Amino acid sequence: MSDAADVTERAGRDADEADIRVGRRVRALRLARNLSLADLAARAGISIGALSQIERGMTSLRVRVIWPLAAALDVEPSALIVDDDEAESDLYCVRAARRRPLPVQSEGISKDLLSPPGAVLTGMMVVVEPGGGTDAYSHSGHEFGFVAEGEIELTVDSTRYVLKAGDSFAFKSTLLHAFRNTRPERCSIVWVNSQKAKEPRDGE
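Note that the structure is predicted; figures quoted are calculated from it, not measured.

Quick notes on the overall build of the chain
Point 1. Within the chain, the regular secondary structure consists of 5 helices and 9 strands.
Point 2. Sequence separation of at least 24 residues holds for 64% of the intrachain contacts in the chain that already meet a minimum separation of 6.
Point 3. Working note: accessible area of the chain is about 11600 Å², and carbon and sulfur atoms make up 50% of it.

A few points about the sheet that holds strand 5 (residues 151-156)
Point 1. Overall, antiparallel pairing links the 3 strands, which are arranged 6-5-8 in an open sheet. Unpaired on one side and paired on the other, strand 6 (159-164) and strand 8 (177-180) mark the two borders of the sheet. Within the sheet, the average angular offset between the axes of one strand and its neighbour, ignoring direction, is 20°.

Concerning the sheet that holds strand 7 (residues 168-172)
Point 1. Spatial ordering of the open sheet is given by 1-2-3-9-4-7, a layout of 6 strands whose pairing is antiparallel. The open sheet terminates on both sides in strands that have one partner only, identified here as strand 1 (100-102) and strand 7. For this sheet, the mean angle separating the axes of adjacent strands, direction not counted, is 25°.
Point 2. The pairing of strand 4 (residues 142-149) with strand 7 spans 5 bridges and is antiparallel. In the sheet register, Gly-145 faces strand 7, and the bridge partner there is Phe-169.

Regarding the pattern of salt bridges
Point 1. Under the counting rule described, the total for this entry stands at 3 salt bridges.
Point 2. Notably, a salt bridge pairs Arg-186 with Glu-129, separated by 2.8 Å at the nearest N-O pair. With Arg-186 in the loop between strand 8 and strand 9 (187-193) and Glu-129 in the loop between strand 3 (122-128) and strand 4, this pair connects stretches of sequence that are 57 residues apart.
Point 3. Of the residues examined, Arg-186 reaches a relative accessible area of 42% and is grouped as partly exposed.
Point 4. As a salt-bridge pair, Arg-160 and Glu-153 come within 3.1 Å of each other at their nearest N and O atoms.

Comments concerning the nonpolar core
Generally speaking, nonpolar side chains in soluble globular proteins are found buried as a group.
Point 1. Membership of the largest hydrophobic core comes to 20 residues, with the highest contact counts inside it found for Val-26, Leu-40, Leu-61, Leu-69, Leu-73 and Leu-80.
Point 2. Contributing elements (two or more residues each) for this core: helix 1 (3-32), helix 2 (37-44), helix 3 (48-55), helix 4 (63-73) and helix 5 (78-81).
Point 3. Among the elements that take part in this core, helix 4 stands out by supplying 6 residues, more than any other.
Point 4. Not counting chain neighbours up to four residues away, the residues in contact with Leu-80 comprise Val-22, Arg-25, Val-26, Leu-29, Leu-61, Ile-66, Leu-69, Ala-70, Leu-73 and Val-75.
Point 5. With 18 residues, the next largest nonpolar core counts Leu-113, Ile-152, Leu-154 and Phe-169 among its residues.

The rules behind these values
Residues numbered from 1 in each chain as written. Predicted model: local features only at pLDDT ≥ 70, side-chain atom pairs only at ≥ 80, totals over all residues. Heavy atoms only, no water. Helix = DSSP H or I, 4+ residues; strand = E, 2+ residues; numbered from the N terminus. Contact = heavy atoms within 4.5 Å. Areas by Shrake-Rupley, 256 points an atom, 1.4 Å probe, with all protein chains shown as cover. Pairing = 2+ DSSP bridges. Axes fitted to C-alpha atoms, helices over the stretch in contact; angles between N-to-C directions. Salt bridge = Lys/Arg side-chain N within 4 Å of Asp/Glu carboxyl O. Buried < 20%, exposed > 50% of the residue type's maximum accessible area, 1.4 Å probe, protein only. Core = buried A, V, L, I, M, F, W, Y, C linked by side-chain atoms within 4.5 Å.

In structure tokens, the structure reads:
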């Protein structure tokens with residue numbers, strides 16, 4: 001293969017990879033906003049087929065499409081095309097600086113979403129300040145947690161557990177459960193739930 005042909009092949013491969021990255025970013029942003037292909041296509045004024053090809057990296061994002069698509073996703077156009085490892089959104093990873101806070105009703109608790117938009121499971125970093133906690137509640141699904149730091153008092157189906165850093169737990173979410181930090185230090189828990197993240201339930 002000649003040098004010119006080799007350069008052309010590499011350029012084509014780089015372009016294909018860029019299209020795939022852009023497509024993944026568009027899909028991640030769409031899923032993060034709970035929009036279907038039809039919803040986003042209608043908002044951006046493009047066909048569902050064209051949007052599907054963009055998301056699959058089968059076609060490049062044209063200039064005339066960038067602006068309406070960015071407006072439909074409520075982001076700057078640069079968010080769709082920036083070629084950066086620290087990109088705001090991706091289908092498969094969430095950067096530490098890009099975590100999205102989740103709404104909670106209980107005082108002394110904060111939750112950051114760890115899982116990317118297309119994930120089946122919901123991963124959260126739950127931080128419980130001293131004195132913070134929840135009343136008993138239940139919901140559909142299953143959950144797993146790992147105490148990263150501090151200590152937490154977890155009650156599941158009327159059984160109380162005192163969990164310290166390094167301890168873990170898992171249970172059906174349909175069981176009544178509650179947790180509270182009774183210690184003077186904050187507690188951090190990596191919490192995984194099979195229910196998709198949404199507005200807070202009563203008691204959370």
